[in-house]
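Each chain, written out:
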Number of protein chains: 2
Amino acid sequence: MDHERIVILAHEKFPDGAKTALGVMRYGDQEVRAVLDRDTAGDRVHDHVPDVDDAPIAGTFADAYEAADGEVDALYIGIAPIGGGFEESWRDDVRDAIEAGCDVVSGLHYFLNEDEDLASLADEHGVTLRDVREPHDDLTVATGSSGDVDADVVLTVGTDCSVGKMTASLEIVDAARERGIDAAFVPTGQTGIMIAGWGNPIDRVISDFTAGAVEEMILELGDEHDLLVVEGQGSIVHPAYSAVTCGILHGAMADGLVLCHAAGRDAINGYESFPLPSLSAYVDLYEDLSAPVHEAEIVAGALNTKDIADDGAAADTVAEYGEAVGVPAADPVRDGAGAIADAIAETVMNR
Amino acid sequence: MDHERIVILAHEKFPDGAKTALGVMRYGDQEVRAVLDRDTAGDRVHDHVPDVDDAPIAGTFADAYEAADGEVDALYIGIAPIGGGFEESWRDDVRDAIEAGCDVVSGLHYFLNEDEDLASLADEHGVTLRDVREPHDDLTVATGSSGDVDADVVLTVGTDCSVGKMTASLEIVDAARERGIDAAFVPTGQTGIMIAGWGNPIDRVISDFTAGAVEEMILELGDEHDLLVVEGQGSIVHPAYSAVTCGILHGAMADGLVLCHAAGRDAINGYESFPLPSLSAYVDLYEDLSAPVHEAEIVAGALNTKDIADDGAAADTVAEYGEAVGVPAADPVRDGAGAIADAIAETVMNR
C-alpha cells in the first residue's frame, strides 16, 4: 500500500463525521488531491478544516479526477457508517475509480473483495482492492521475541475506548522526529493502517494470534528505528475489548506506556454501568500486568480535552491529570506531544 | 451435537497420546462403544485405562461398527497430531463412518467441512461433520451482561497453559453435583467442547469477540443452573495467549476463581525465558484485573501433581500450595475436587 496521490470519499460526512478522512489528511504521507462529499461539493477543505493541506471538495469521483488532472493513485473510503456497511450510493464513485486505474482502500467491515461486481471490475483493470480490516493469512502465535528488537518501544494504553490513543501515538511520533529521534508508528486499527499504509488490524485477528500479530509488526520494524510507538486499543478493564488490549500489551513488550484518558469520562463508553476505576488503579494494573512478560512503566500521560472549550481550563485539567498519574502530561491535539516525547526520551530512551 | 453412542478414533496413540479420547471417556455423557487404534486392536480399554468404562479396541471403523452391533451415532476424532492436521491414514475410517450414517466430530485445525471428498460424502449420506474449532457466524461483542445471570459463576484460571484447568473444571462440576448442587460445565476449548457436546472455541474467535463468545454461553445456561464452572485458558501473563485469558476473565464475570497450577512448573511452558511470577502475584493480578468489571476472589486452588510419584509427597505439595495461595486446595485428579467444591459452596454460593 504505497499511494502518493489519493482521493478520499467522505460523502455527507465531511469533516465532522469523517474521522478516517481527517486522520489520513492530518497524519498520512499521502497527498490528498480531493475529497468527495456531495453535500459540500464546490467548497475547499480549508473552508472547513484550516490546519491540514488544502484540496478541492468534489461531488463525484469523475469531478475529483478531473480536478486532480488524473494524478490519482487510489481512492480511500474515509468514512465508516454505523455497522461498517457499504453504501450503495458510493458504488458509482468506486467503480469510476477502479476504471480510472485507481486502487481502492477501505476499512469497512464489508469487504470490497467479497463484492463480486467490484472484485471483477478490479481484476479487469488490474487494480487492488485493499480491505484493511482483513488480517493476512500468515499470522500465528507470538514467539515471545518482541523484547529483543533494537528499538525502544512505547505503547499508548487507555482508560477506555475512544480516548485518543491513535492520535496520541501519531503526535508522539511527530514530536519525537522533531527532536531528532528516528521514530515510527505501529498501527493496530483500521484508521491507523490507512494512515500508515501498512499494519495488522488486531481486533479482527483470531484471539490466539493477538499478541503474535503485534509481535510480527515489532519484529518487522524493530531494528530499523530507534523508537516504535505502538497504537493501543481499548482498555484493560473493558467488558468487551480487554482481550485486544491485553494481547497488544504482551505482544508489544513495550519499555514504556503512555496512559491516555478523556477529560470528564467516568464510565466505560457505551457500558455506562461500569464506572472507570481510579487513575492509580490503571497505572498499577498496566504495570503489574506488563511486568511478568516485560517490565514497563507509565512514563507519560495524554489527556483528550476536546470537551473543554476554555484553553485555561483545559490546561488546568491536563496539569491535574499529570499530577494524578504522577508523570508529565499533555493534550496531544491542543498542546502537541512535545512534553510526552521529552518524557519518553528521558526515561525509556535514557537520553 | 447430541450423540449417545460413539466410536473414538485414536490410531497409534491410545491411551497416552490421546488426551481428547481420554477426556471424552472420563467426563463425557456419551457411551463409548469402541476405540479405534490399529496398534492395540484386539485389546480392551481396561487393559490400558482401568478407571473408565470398558470397550473394545478395534483396528478399523468397520470392525468397531460390527463390535457395536451397528449402534453408533458418531465417530469422534480423539487425537490431535502436532499441527492439527488430518492424517490420510484415517480417511477410510472416516469415510466408512459417514457411509454408515454417523456424524463425525473433530477438533482438528484442519476442517473436515473443507475437505471436498468428506464434505460431499457427508452431504450424500445426510450426516453432519462438526468441526468444533470453527466458531459459529453469529458471534459479536460482549454487552456486559454476564453478571446478571441467576447462577453463580466460577472460572478456572491458571499460572500457565497445560496445568489442568479443563480437568479441574470438570472435576469441580462432578464434585458439586455430588453435593446436590445443580452445576454445569462451560467449555471454551476443543476438547471441552467435544466432551460437553456444545460450546465456543474461544481461542479461534476474532479477538474483538473474545468476551462476547463467553458471554453468549453464560447467558445461554445462566438461568438454568445454580453454578456454572467456566473452563479457563492460558494465563494472564502468557506472552502469546494472555488475550484469550483476559477475554474469558471479563466475559465470564465470574464470582469466584480457582487458581490452577502444575507442581514444579517454574517457567512458561515452551517460553522458558519467561519465569512464572509468584503465586501471590497471580492472585493479585487476577483479582485486581477482575474487580473493575466484576469482583472476583480466588476461592480455591487446583494443583496438578502428576509429576510427583509418591502420594505422600504429592499431598504435602498440595498442602503447601494451598497455604501459599491462602485457600483450600486439591489435586482434582488425585483427590477429586471435593475440597474445591466445598470452598466454592461456602464462599461464592454462600451456603
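Parameters and conventions
- Residues numbered from 1 in each chain as written.
- Chains lettered and ligands numbered in written order.
- Predicted model: local features only at pLDDT ≥ 70, side-chain atom pairs only at ≥ 80, totals over all residues.
- Heavy atoms only, no water.
- Helix = DSSP H or I, 4+ residues; strand = E, 2+ residues; numbered from the N terminus.
- Rg over C-alpha atoms; globule rule 2.2 N^0.38 Å.
- Buried < 20%, exposed > 50% of the residue type's maximum accessible area, 1.4 Å probe, protein only.
- Contact = heavy atoms within 4.5 Å.
- Areas by Shrake-Rupley, 256 points an atom, 1.4 Å probe, with all protein chains shown as cover.
- Lys, Arg positive; Asp, Glu negative; His and termini not counted.
- Charge placed at Lys NZ, Arg CZ, Asp CG, Glu CD.
- Pairing = 2+ DSSP bridges.
- Buried area = accessible area lost by both parts, 1.4 Å probe.
- Salt bridge = Lys/Arg side-chain N within 4 Å of Asp/Glu carboxyl O.
- Polar contact = N/O pair within 3.5 Å; in protein donor to acceptor, adjacent residues only side chain to side chain.
- Nonpolar A, V, L, I, M, F, W, Y, C, P; charged D, E, K, R; others polar.
- pLDDT = per-residue confidence, 0-100.
- Axes fitted to C-alpha atoms, helices over the stretch in contact; angles between N-to-C directions.
- Least-squares fit on C-alpha atoms with pLDDT ≥ 70 in both.
- Domains from an automatic or database assignment.
- Parallel < 35°, antiparallel > 145°, perpendicular 65-115°, else oblique.
- Left-handed = near helix turned anticlockwise from the far one by under 90°.
- Expected span 1.5 Å × (residues − 1).
- Right-handed = clockwise from strand over helix to strand, strands pointing away.

A tally of helices and strands in chain A yields 12 helices and 14 strands. Expected size for 351 residues packed as a compact globule is a radius of gyration near 20 Å; at 20 Å, chain A falls within 12% of this value. The principal-axis extent of the C-alpha atoms belonging to chain A is close to 55 × 50 × 45 Å. Among the 351 residues that make up chain A, the fraction classed as buried is 60%. For chain A, the share of sequence-separated contacts (at least 6 apart) that also reach a separation of at least 24 residues comes to 72%. Total accessible area on chain A is roughly 13600 Å²; 41% of this is exposed by carbon and sulfur atoms. Of the charged side chains in chain A, 19 are positive and 70 negative; the average position of the first set lies 5 Å away from that of the second.

Residues and elements named next belong to chain B. Where strand S11 (residues 267-268) and strand S12 (residues 271-275) come together, two bridges link them in antiparallel fashion. Bridge pairing links Ala267 to Pro275 in S12. Turn length for the S11-S12 hairpin, with the two strands adjacent in sequence and antiparallel, is two residues, and the turn residue Gly270 shows positive phi of about 85°.

Of the residues lining the interface, 35 residues belong to chain A; the matching set on chain B comes to 35 residues. Both sides together, the interface formed by chain A and chain B hides about 3000 Å², and carbon and sulfur atoms give 61% of it. For the pair chain A and chain B, the number of links is zero salt bridges. For the interface between chain A and chain B, the tally reads 12 residue pairs in polar contact (both at pLDDT 80 or more). Those elements that provide at least two residues to the side of chain A that touches chain B are helix H7 (210-221), helix H8 (242-252), strand S12 (271-275) and helix H9 (279-290) of chain A. The element that contributes the greatest number of residues to the side of chain A that touches chain B is H8(A), accounting for six residues. Per-class residue counts for the side of chain A that touches chain B are 23 nonpolar, eight polar and four charged.

Summarising the model, chain A shows a mean pLDDT of 96, and 100% of its residues fall at 70 or more. Across the predicted assembly, pTM comes out at 0.95 and ipTM at 0.95.

Looking now at the sheet that holds strand S9 (residues 227-230) of chain A. Whenever strands of a sheet pair, they do so through backbone hydrogen bonds, lying parallel or antiparallel. Residue and element names in this part refer to chain A. Strand order across the open sheet formed by six strands is S8-S9-S7-S10-S13-S14, with parallel pairing between neighbours. Looking at the sheet topology across the chains shown, the edges are occupied by strand S8 (183-186) and strand S14 (329-330). Bridge count between strand S7 (residues 152-158) and S9: four bridges; the pairing is parallel. Residue pairing for S9: Val153 is matched across the bridge by Leu228. Across the sheet, helix H12 (residues 338-346) lies against S7, S9, strand S10 (256-262), strand S13 (297-304) and S14, angled at about 175° from S13, the strand it touches most.

All right, on to the relation of the copies chain A and chain B then. Note on the copies: chain A fits chain B at an RMSD of 0.0 Å, the axial shift is 0.0 Å, and the rotation between them is 180°. The two molecules are tied by a two-fold rotation axis, judged by turn and shift.

Let us now look at the domain arrangement of chain A. Residue and element names in this part refer to chain A. Domain parsing of chain A yields domain 1 (5-131) and domain 2 (146-346). Between domain 1 and domain 2, the C-alpha centre-to-centre distance is 28 Å. The partner domain 2 presents 12 residues to the 14 residues of domain 1 that form the contact. Between domain 1 and domain 2, the buried area comes to about 1000 Å², and carbon and sulfur atoms account for 63% of it.

In this section: the packing of H9(A) against helix H9 (residues 279-290) of chain B. At a minimum axis distance of 10 Å, the contact between H9(A) and H9(B) shows a crossing angle of 140°. Taken together, the axes of H9(A) and H9(B) are oblique relative to one another. The two elements H9(A) and H9(B) meet at a crossing, and its hand is left-handed. Taken together, the residues of H9(B) that come into contact with H9(A) (itself represented by A:Leu285, A:Asp288 and A:Leu289) are B:Leu285, B:Asp288 and B:Leu289. Taken together, the residues of the contact of H9(A) with H9(B) sort by class into four nonpolar, no polar and two charged.

We now examine helix H5 (residues 165-178) of chain B. Residues and elements named next belong to chain B. Between its first and last C-alpha, H5 extends 20 Å over 14 residues, near the 20 Å set by a 1.5 Å rise per residue. Most of H5 sits out of view: 10 of its 14 residues are buried. Where H5 is concerned, the buried positions are Lys165, Met166, Ala168, Ser169, Leu170, Glu171, Ile172, Val173, Ala175 and Ala176. Gly180 occupies a position one or two residues after H5 and carries a positive phi of about 80°.

The next point concerns unusual backbone geometry. All names here are of chain A. Cis geometry is adopted by the peptide bond preceding Pro15, which originates at Phe14 and carries an omega value of 0°. For Glu12, which is not glycine, the phi torsion reads 65° and is therefore positive. Topologically, Glu12 is positioned in the loop between strand S1 (5-9) and helix H1 (19-27). Judged by its relative accessible area of 45%, Glu12 falls in the partly exposed class.

Take the packing of H7(A) against H8(A) next. Residues and elements named next belong to chain A. Here H7 crosses H8 at 40°, and the two axes come no closer than 7 Å. As the angle between them shows, H7 and H8 are arranged oblique. Seen from above, H7 lies across H8 with right-handed handedness. Seen from H7, the contacting residues are Thr210, Ala211, Val214, Glu215 and Ile218; seen from H8, they are Ala243, Val244, Gly247, Ile248, Gly251 and Ala252. Here the residues of the contact of H7 with H8 sort into seven nonpolar, three polar and one charged.

All names here are of chain B. Judged by pairing direction, the sheet is parallel, and its six strands sit side by side in the order S8-S9-S7-S10-S13-S14 without closing on themselves. Here the strands that pair on one side only, and so sit at the sheet edges, are strand S8 (183-186) and strand S14 (329-330). Sheet topology places strand S10 (residues 256-262) next to strand S13 (residues 297-304); seven bridges connect them, and they run parallel. Note that in S13 the partner of Gly256 across the bridge is Glu297. Its contacts with the sheet put H9 on strand S7 (152-158), S10 and S13, and the angle it makes with S10 is roughly 150°.

Bringing the pairing of strand S2 (residues 31-36) of chain A into the picture now. Residue and element names in this part refer to chain A. With five of its six residues buried, S2 lies for the most part within the structure. Pairing between S1 and S2: five bridges, direction parallel. Bridge pairing in S2 links Arg5 to Glu31. In the classification by handedness, the crossover that spans S1, the intervening H1 and the parallel S2 is right-handed. Here two bridges tie S2 to strand S3 (residues 57-58), and the two strands are oriented parallel to one another. Of the residues in S3, the one forming a bridge with Leu36 is Ala58.

Time to look at the environment of A:Ser89. Residue and element names in this part refer to chain A. Mapped onto the fold, Ser89 is located in the loop between strand S4 (74-77) and helix H3 (91-99). On the basis of relative accessible area, Ser89 is assigned to the partly exposed category, the value being 40%. Ser89 sits 241 residues away from Ala330 along the chain, and the two C-alpha atoms are 41 Å apart.

Let's shift gears to the side chain of B:Arg204. Looking at where B:Arg204 falls in the secondary structure, it is placed in the loop between helix H6 (190-196) and helix H7 (210-221). Buried and unpaired, B:Arg204 has no salt bridge, with A:Asp208 as the nearest side chain of opposite charge at 4.3 Å. Ignoring sequence-local partners within four residues, the contact set of B:Arg204 consists of A:Ile206, A:Ser207, A:Asp208, A:Phe209, B:His109, B:Arg133 and B:Pro135.

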